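Summary of structural features
As a plain string of letters, each chain reads:
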Amino acid sequence: MGIRGELFTTQVTLENRSYFFNVKENRTGDVFMQIVESKSRDGSDFDRHQIAVFAEDLQKFLQGMDKSLQFIDKERKERAKAKAAKKAAKEAKYGSGDAAEKKKVYRRKNTEEAEVKKDDGIKRTGRVIHVVSKIKKDEE
């Protein structure tokens, strides 16, 4: 037995976090699992959070964790299925991703409105609006 009552320890290391699964025995002989999360903060300091689950409660704890994992897997599959269905519907509406098969949408200007706009003395070219001076119009 270790100095802190440890019977078994294993570590899982991720990018900026480490998880320790420690099986311990306290002074009265009760066996429990201590789960410790240690994450780096500002490169030098560490935040540590821990929970303890006693041996008689461990099965219920694992059942709850298993149900949570099943939900996560089910949710991930449903999201992937919905994403695929959305993509298929989009491809059915607009065609596949090939450039030759893409539908192009063109906007037609109403020719009557275009003639009216030409007469108001404002020259419209894309994003910039140029105001044509009325003085030049009168001179011509």
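Let us look at the structure shown here. (Residues numbered from 1 in each chain as written. Predicted model: local features only at pLDDT ≥ 70, side-chain atom pairs only at ≥ 80, totals over all residues. Heavy atoms only, no water.)

**Section: the overall build of the chain**
A tally of regular secondary structure across the chain gives 3 helices and 6 strands. Counting from the amino terminus, helix and strand elements in the chain follow one another as β-β-β-β-α-α-β-β-α. The proportion of buried residues among the 140 residues of the chain is 9%. Sequence separation of at least 24 residues holds for 7% of the intrachain contacts in the chain that already meet a minimum separation of 6. When the accessible surface of the chain is totalled, it reaches about 13100 Å², and 52% of it is carbon and sulfur. (Helix = DSSP H or I, 4+ residues; strand = E, 2+ residues; numbered from the N terminus. Buried < 20%, exposed > 50% of the residue type's maximum accessible area, 1.4 Å probe, protein only. Contact = heavy atoms within 4.5 Å. Areas by Shrake-Rupley, 256 points an atom, 1.4 Å probe, with all protein chains shown as cover.)

**Remarks on the pattern of salt bridges**
Scanning the model with the defined rule gives 5 salt bridges in all. Of the charged contacts in the structure, one is a salt bridge between arginine 17 and glutamate 37, with a shortest N-O distance of 2.5 Å. Of this pair, arginine 17 sits in strand S2 (residues 17-25) while glutamate 37 sits in strand S3 (residues 31-41), and the two are 20 residues apart along the sequence. For arginine 17, a relative accessible area of 28% puts it in the partly exposed group. A relative accessible area of 16% means that glutamate 37 is categorised as buried. Between arginine 76 and aspartate 73 there is a salt bridge, and its shortest N-O distance comes to 3.5 Å. (Salt bridge = Lys/Arg side-chain N within 4 Å of Asp/Glu carboxyl O.)

**Overview of the packing of aromatic side chains**
For the coordinates displayed, the defined rule picks out 1 aromatic pair. Judged by centre distance (5.4 Å) and plane angle (50°), the ring pair of phenylalanine 32 and phenylalanine 54 falls under tilted. Residue phenylalanine 32 is found in strand S3, and its partner phenylalanine 54 is found in strand S4 (residues 45-54); the two are separated by 22 residues along the sequence. On the basis of relative accessibility, which here comes to 15%, the residue phenylalanine 32 falls in the buried class. (Phe/Tyr/Trp six-rings, centres within 6.5 Å; stacked < 30°, edge-to-face > 60°.)

**Here's the deal with the pairing of S3**
Judged from the 9 bridges that link them, S2 and S3 form a sheet pairing that is antiparallel. The residue bridging valine 23 from the neighbouring strand is methionine 33, located in S3. Hairpin connection of S2 to S3: 5 residues between the antiparallel strands, including glycine 29 at a positive phi of 95°. (Pairing = 2+ DSSP bridges.)

**Details of the sheet that holds S4**
As summarised here, the arrangement of the 4 strands in space is S1-S2-S3-S4, forming an open sheet in which the pairing is antiparallel. Each edge of the open sheet is held by one strand with a lone partner, namely strand S1 (6-13) and S4. With strand direction ignored, the average angle separating the axes of adjacent strands in the sheet is 15°. Judged from the 10 bridges that link them, S3 and S4 form a sheet pairing that is antiparallel. Bridge pairing in S4 places isoleucine 35 opposite isoleucine 51. The sheet strands contacting helix H1 (residues 58-94) are S3 and S4, and the helix crosses S4 at an angle near 120°. (Axes fitted to C-alpha atoms, helices over the stretch in contact; angles between N-to-C directions.)

**Quick notes on the environment of leucine 14**
Mapped onto the elements, leucine 14 comes out in the loop between S1 and S2. Note on leucine 14: relative accessible area 47%, which makes it partly exposed. Separated by 25 residues in the primary sequence, leucine 14 and lysine 39 have C-alpha atoms spaced 9.4 Å apart.

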